[in-house]
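Geometric and topological summary
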Amino acid sequence: MSETQLAGQPPRVKIFGRSGSSAAYTVRDFLQRSDVPFDWIALSTDDQAREQAGVADLKDPRLPVCIFPDGSRLESPTFRQITEKLGWFHDPSRSEYDLAIYGAGPAGLSAAVYAASEGLKAVLIERSAIGGQAGTSSKIENYLGFPSGISGAELAERARDQACRFGAEILIAREGVRGEFFPGKGVGYLADGTKIVARSTICATGIQYGRLNLPNEDQFLGSGLYYGAGLSEASSCGDEHVFVVGGGNSAGQAAMHFSRFAKRVTIVIRGPSLKCTLSRYLVDRISAAPNVEVVANAEVTAIDGDGVLQQILLTNRQTGQQQTFATHWLFICIGGAPQTEWAAKVNIVRDEAGYLVTGPDLLTDGRPPGNWPIDRNPYYMETNIPGMFAAGDVRHGSVKRCASAVGEGAMAVTFVHRYLAEV
Ligand SMILES: Cc1cc2nc3c(=O)[nH]c(=O)nc-3n(C[C@H](O)[C@H](O)[C@H](O)COP(=O)(O)OP(=O)(O)OC[C@H]3O[C@@H](n4cnc5c(N)ncnc54)[C@H](O)[C@@H]3O)c2cc1C
């Protein structure tokens, strides 16, 4: 048994990196969301870097270093190198699929499970880790069948396993960047140059977190400022003051998770009360937590630090009153936006915010848009390109919930079958 492999526990990856390193955070976040157990060893002196990570000093570009359970070592690894190491990186096995699904959040995973289980040759393409937003959730408590809740990463890993068992092909660490659509065929171009040809397509690419839009925001990304619930960071926040920005369920959930580790958790919201935006069960828990407080009518207007975040400025939106707080932990959980610029280039109809418009929402006075080429109206969840569907958070009018995304993924496959039967 290896040093890190305790009886009954899965082997763990060791990550050595400079304390406050953005690159090391990216690796931790990826492994956390992929449900791969790891130990984080934060290095704070050159001696530690030499002795523990085998590099010259803390500034060595080979950091972070990952040591895998088989003893192999990756220096400053990319997602692709990590997925290769875990045996998850594959090339497409077919020259043409029945269905290509972009995005492996709950909607895409569900579409993959149903498509493959119903005999379609399906490929699922994900640019980052499996699980999407849900994969960053510490505990999803409103998902059917899990009365005590389930971590998003575990739910995603189970879905990945299920999709693979049914024969879906999953390409991780690959990003769809462009599409071309012809009658009966879609061609997706991935960032690495790979071409995916499929008779039908589901876009399930979800949304991307919103930003604070402060001029120096990028400087602290992964070094004190994080987008999302920062699950991989919670256990490092011990005895510190953590700030969570946002009033939605993801922010509430993150705050409750941090409250188990941090001395104090402050939720910063623009509105007057959490009650307007948060599920009741979370409002009750936050009210009962002794170390969680809510600062209402406020926003973060400045952040500062020396390499690592050291302080933030909160401004009251009504009075203009300002207060500075010392902190190394700022988690941004504010509503995001879809990334669908590629769709505009091929004249797929989007709403003002960029969400893909589908089915009945495309009709004006009962008629499809002018460029709709065939003699039927678009199916529910079908965009204005026949055979090109949208499911989950990326779809105009979708409910931003895990179960809804899963439902939409399954339902989109039903319409894919109808479409494939007619071409
Ligand atoms: C912290 C947090 C907690 C939450 N908790 C709950 C909860 O308790 N209950 C609940 O019902 N909902 C919860 N939600 C909301 C829920 O997770 C989302 O509604 C759901 O994940 C949406 O699923 P999706 O598949 O549509 O999109 P996403 O989950 O956003 O997944 C989209 C995927 O597409 C990938 N992608 C994007 N662009 C590309 C591209 N070009 N090529 C390839 N891949 C791409 C992304 O990397 C991502 O993995 C939570 C959300 C967050 C952030």
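Residue positions are counted from 1 within each chain, in the order its sequence is given. Note on the predicted model: pLDDT of at least 70 is required for a residue's local features to be given, and 80 or more for side-chain atom pairs to be given and counted; whole-chain, interface and lining totals, by contrast, use all residues. No hydrogens and no water enter the side-chain calculation; it runs on all heavy atoms of the structure.

Quick look at the overall build of the protein
The test is simple: Segments assigned H or I by DSSP are reported as helices when at least four residues long, segments assigned E as strands when at least two residues long, and all are numbered from the N terminus. Using C-alpha atoms as the atom set, the radius of gyration is obtained and then compared with a globule rule of 2.2 Å times the number of residues to the power 0.38. Note on classification: 1.4 Å probe, protein chains only; a residue is buried when its accessible area is under 20% of the maximum for its type, exposed when over 50%, partly exposed between these limits. Throughout, a residue-residue contact means that at least one pair of heavy atoms, one from each residue, lies within 4.5 Å. Note on areas: these come from Shrake-Rupley sampling with a 1.4 Å probe, and a residue is covered only by the protein chains present in the view.
A count of helical and extended segments in the protein gives 9 helices and 19 strands. The globule rule puts the C-alpha radius of gyration for 423 residues at 22 Å, and the 23 Å found for the protein is close to it. By principal-axis analysis of the C-alpha atoms, the protein measures approximately 65 × 55 × 40 Å. When each of the 423 residues of the protein is scored for burial, the buried share is 52%. Of the contacts formed within the protein by residues at least 6 apart in sequence, a portion of 60% connects residues at least 24 apart. Accessible surface computed for the protein: about 19300 Å², of which carbon and sulfur atoms make up 48%.

Remarks on the environment of glutamine 321
Among the secondary structure elements, glutamine 321 is positioned in the loop between strand E16 (308–316) and strand E17 (322–326). For glutamine 321, a relative accessible area of 59% puts it in the exposed group. Once the C-alpha coordinates of glutamine 321 and alanine 298 are considered, the two residues, 23 residues apart in sequence, prove to be 9.4 Å apart. Look past the residues within four positions of glutamine 321 in its chain and what remains in contact with it is Leu314, Thr315 and Asn316.

Remarks on the sheet that holds E16
Keep this limit in mind: At least two DSSP bridges between two strands are needed for those strands to be called paired. As a rule, the C-alpha atoms of each element are fitted with a line to give its axis, helices using only the stretch in contact, and angles between N-to-C directions run from 0 to 180 degrees.
The 3 strands lie next to each other as E15-E16-E17, forming an open sheet whose pairing is antiparallel. With partners counted over all chains shown, the strands left at the sheet margins are strand E15 (298–306) and E17, one partner each. On average, adjacent strands in this sheet sit at an angle of 25° to one another, irrespective of strand direction.

Observations concerning the confidence of the model for the protein
For the record, the criterion: Values of pLDDT, the confidence the predictor places in each residue, fall between 0 and 100.
On average, the protein scores 94 in pLDDT, and the residues at 70 or more come to 98%. In this model residues 1–6 is a low-confidence stretch, pLDDT under 50, and it forms 7 contacts with partners more than four residues away in sequence or in other chains.

Quick word on the pattern of salt bridges
Heads up, the rule is: The term salt bridge refers to a pairing of a side-chain nitrogen on Lys or Arg with a carboxyl oxygen on Asp or Glu at a separation within 4 Å.
Under the defined criterion, the tally for this structure stands at 26 salt bridges. In this structure, arginine 73 engages glutamate 75 in a salt bridge whose closest nitrogen and oxygen atoms are separated by 3.0 Å. Judged by its relative accessible area of 34%, arginine 73 is partly exposed. For the salt bridge of glutamate 293 with arginine 264, the shortest nitrogen-to-oxygen distance reads 3.0 Å. With glutamate 293 in strand E14 (residues 292–295) and arginine 264 in strand E13 (residues 264–268), the pair connects residues that are 29 residues apart, well separated along the chain. Look at glutamate 293 and you get partly exposed, because its relative accessible area is 29%. What emerges from the salt-bridge pattern is a single network uniting Asp91, Arg174 and Asp192.

Notes on the sheet that holds E14
The parallel open sheet is built from 5 strands, whose spatial order is E11-E18-E12-E13-E14. Two strands close off the open sheet at either side, each with one partner strand: strand E11 (225–227) and E14. Sheet twist, expressed as the mean angle between neighbouring strand axes with direction ignored, is 20°. Across 4 bridges, strand E12 (residues 241–245) lies against strand E18 (residues 329–332) in parallel orientation. Paired with valine 242 across the strands is tryptophan 329, a residue of E18.

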